[in-house]
Amino acid sequence: MDQISRADVEDFLFLEADLLDEWRLPEWLELFTEDATYSVPATDLPANASPDTSLFYVADDRFRLSERVKRLMKRTAHVEFPHSRTRHFITNVRIRERHEDELLVSSAFLVYRTKDGVTDTYFGSSRYRLALKGGSFRIRDKRCLLDTDGLRPQGRVSIIL
Amino acid sequence: MGMATKLHAALDVDASRRVFRVSRQTFVDAAILDGERREIFDKCWLYLGHESELPQPGDFLTRQVGGRSLLFARGADGAISALLNTCPHRGAQVCREKHGNAKAFQCFYHGWVFGLDGKLRSFPGKESYPDDFKDRPGSSMSPAPRHESYNGLHFVCFDARIESLADYLGNAKEYLDVICDQSTQGMRIVSGSQEYSIRANWKLLTENSVDGYHAVTTHATYLDYLRNTSGGLAQVGFNGRAHDLGGGHAVLEYRAPWGRPVAQWIPAWGEAGKTEVERLRASLVERYGEQRAARIADYNRNLFIFPNLVINDIMAVTVRTYYPVETDYMAISAWALAPSEESAWARKYRLFNFLEFLGPGGFATPDDVEALEQCQKGFRNSAEAKWNDISKGMGKEIPAYDDELQMRAFWTEWNRRIFGATA
């Protein structure tokens, strides 16, 4: 537990970024625990807002997350057909808290999405709860806090941040 | 009305041949957009916000409405004002925060201080001004020329001569009443705003918001998702009709297989949800009788209020408004409206329903964004491929929810206002 370094965490987050950018979403989903959550709050909410009481852009439990992956792999997910090209830049990684079976990690993200001649940028901070399992990590919760005022001009968050 | 360009008529309508076509030029021409700003956004009632967004004295928020910068605030006496957010002195925006609570507003440029009603309270160097300067009308922040509310929804208009809001809403009022009747304590806006954009003409979102025809193809993956939820959908088919409400307003009223927190149960909500939905339904029956209760609970409403307000009472209730920035770019704001007294269970499932379907991070709206942007790209060919067709269901005695009557209602009013024409 105490031996886990920031570099170990970074390796894991960089792997996650690669799986997303390579559209290997079913493999990406395997990085999550069975009780995992993934959320993107509306940008006028406090960072610790709850999707049970406030409106989010994304608030997936594991079921909805797996359905998101299924959807994005279909031709009928029109917004991502053909797939956009993305590049996730993950930086400013810090281990905030160490618990017996869990790490709290924060990072900054910069994601480019390009499709059909238009390139959009998403940036903000991520908070991860990483479960420690047999010497590797699983994501128990990932929350992406956009720094922008809403989704202008991106218009959608159809990719996974 | 002197449009700079008028290559051909905006509409091609022939009821006898069941033809209703819209010129694609109306989506790409900057002169048309100028005309819309002048004849529509400067002259119609426009949605500002909901009273529940200002629960306490001193609460305020700033919004862009019809190209103006507005300050929506509740005074110490509880009165709600809609002020032009500009200093009467030299023009700077007085309030630069999106929302908050204040006792007064101070323009930072020269330090003038205004009450929540916009009245000038103090200003530095008053010895250099006449004694009555503070009380002159031009020394205080100006209210929007007109500001009225209906069922907690506040609207402004920049043309002082406009009819009352109630008269303007006309037949749409009854549908707003049906939507608000699902609550005993009044509807409220839930915290969290969805602010997004689409690289498309604003009128495409009017059409899309009341389009029952596109659901099965554009939203195939959303329907797949609903089927995959444990227990699946309600045993109800898509069925219902459209109404032209006059004045450019229109509504679809129909049944659909998704769950409605007030009050159509789906198996995915389990026994706990069933108990809750049955309780809500019994309360509706007690208050309004079987018939109106069934209408409130079982029927979905996609309500369009001319020119740019959508209140869709579907698997959740959205309040959505949108403005053109350029001919091919619009800014959209959307909020969730909910009964203020609803249980934690109902609120949670309402919000999940909302973001799954209605939100730009969900399983449906991103595909609408894509569809509208693809239309706008297709309009690059509008010099040769000139017309959109919205004739579906023309001539029917009862237009179905997935016909296009509601779009024809919008375009007929649009054409009357822009070209003074009757279609």
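Residues numbered from 1 in each chain as written. Chains lettered and ligands numbered in written order. Predicted model: local features only at pLDDT ≥ 70, side-chain atom pairs only at ≥ 80, totals over all residues.

Quick look at the overall build of chain B
Counted only if it meets this: Only runs of H or I of at least four residues qualify as helices and only runs of E of at least two qualify as strands under DSSP, and these elements are numbered from the N terminus. Each radius of gyration is computed over the set of C-alpha atoms, and the globule rule expresses the reference value as 2.2 Å times the number of residues to the power 0.38. Neighbour counting defines burial: a residue surrounded by 20 or more other C-beta atoms within 10 Å of its own C-beta is buried, one with 12 or fewer is exposed, and intermediate counts give partly exposed, using backbone-placed C-beta atoms. Once C-beta atoms have been placed from the backbone, residue pairs whose C-beta atoms lie within 7 Å are recorded as contacts.
When helices and strands are tallied, chain B shows 10 helices and 21 strands. Its C-alpha atoms give chain B a radius of gyration of 23 Å, within 12% of the compact-globule value 22 Å for 423 residues. Reported as C-alpha extents along the three principal axes, the dimensions of chain B are approximately 75 × 60 × 35 Å. Counting across all 423 residues of chain B, residues that qualify as buried make up 47%. Contacts in chain B between residues far apart in sequence, at least 24 positions, make up 62% of those at least 6 positions apart.

Quick look at the overall build of chain A
Scanning chain A for helices and strands turns up 3 helices and 6 strands. In sequence order, chain A lays out its α and β elements as α-α-β-β-α-β-β-β-β. Relative to its length of 161 residues, chain A is compact, with a C-alpha radius of gyration of 15 Å against a globular reference of 15 Å. Taking the principal axes of the C-alpha coordinates as reference, chain A spans close to 45 × 30 × 30 Å. Expressed as a percentage of its 161 residues, the buried residues of chain A come to 34%. The long-range fraction of contacts in chain A, counting pairs at least 24 apart against all pairs at least 6 apart in sequence, stands at 54%.

Some remarks on the sheet that holds strand 11 (residues 146–150) of chain B
Residues and elements named next belong to chain B. Where we set the bar: When DSSP finds two or more bridges between two strands, those strands count as paired. For helices, the fitted axis covers only the stretch in contact; all axes are lines through C-alpha atoms, and the angles between them, taken along N-to-C directions, range from 0 to 180 degrees.
Ordered by their spatial adjacency, 3 strands build an open sheet running 3-12-11, and the pairing between neighbours is antiparallel. Both outer strands of the open sheet, strand 3 (46–50) and strand 11, are each paired with one neighbouring strand and no more. Strand-to-strand twist of the sheet, defined as the mean angle between neighbouring strand axes without regard to direction, takes the value 30 degrees. Both strand 3 and strand 12 (residues 153–157) contribute to a ladder of 4 bridges, which runs antiparallel. Counterpart to Tyr47 in the pairing with strand 12 is Phe155.

So, the sheet that holds strand 9 (residues 113–114) of chain B
Residue and element names in this part refer to chain B. A sheet is described by the order of its strands in space; here 3 strands give the open sequence 8-9-10, paired in antiparallel fashion. In the strand order of this sheet, the two ends are held by strand 8 (105–106) and strand 10 (120–122), each with one partner. Sheet topology places strand 8 next to strand 9; 2 bridges connect them, and they run antiparallel. Looking at the pairing, Phe105 lines up with Phe114 of strand 9.

Let's talk about the domain arrangement of chain B
Residue and element names in this part refer to chain B. Defined as follows: Start and end points for every domain follow an automatic or database-based domain assignment. When residues are sorted by character, Ala, Val, Leu, Ile, Met, Phe, Trp, Tyr, Cys and Pro go into the nonpolar class, Asp, Glu, Lys and Arg into the charged class, and all the rest, Gly among them, into the polar class.
Taken domain by domain, chain B holds domain 1 (46–157) and domain 2 (173–419). Computed from C-alpha atoms alone, the centre-to-centre distance between domain 1 and domain 2 is 33 Å. Each partner contributes to the interface: domain 1 provides 7 residues, whereas domain 2 provides 11 residues. For the side of domain 1 that touches domain 2, the class distribution of residues is 2 nonpolar, 4 polar and 1 charged.

A short note on the interface of chain A and chain B
Each partner contributes residues to the interface: chain A has 29 residues there, and chain B has 34 residues. Ranked by residues supplied to the side of chain A that touches chain B, first place goes to strand 2 (residues 56–60) of chain A with 4 residues. Within the side of chain A that touches chain B, the residues separate by chemical class into 14 nonpolar, 7 polar and 8 charged.

A short note on the environment of Ala30(B)
Structurally, the position occupied by Ala30(B) is in helix 1 (residues 30–41). The spatial distance from the C-alpha of Ala30(B) to the C-alpha of Asn239(B) is 39 Å, given a sequence separation of 209 residues.

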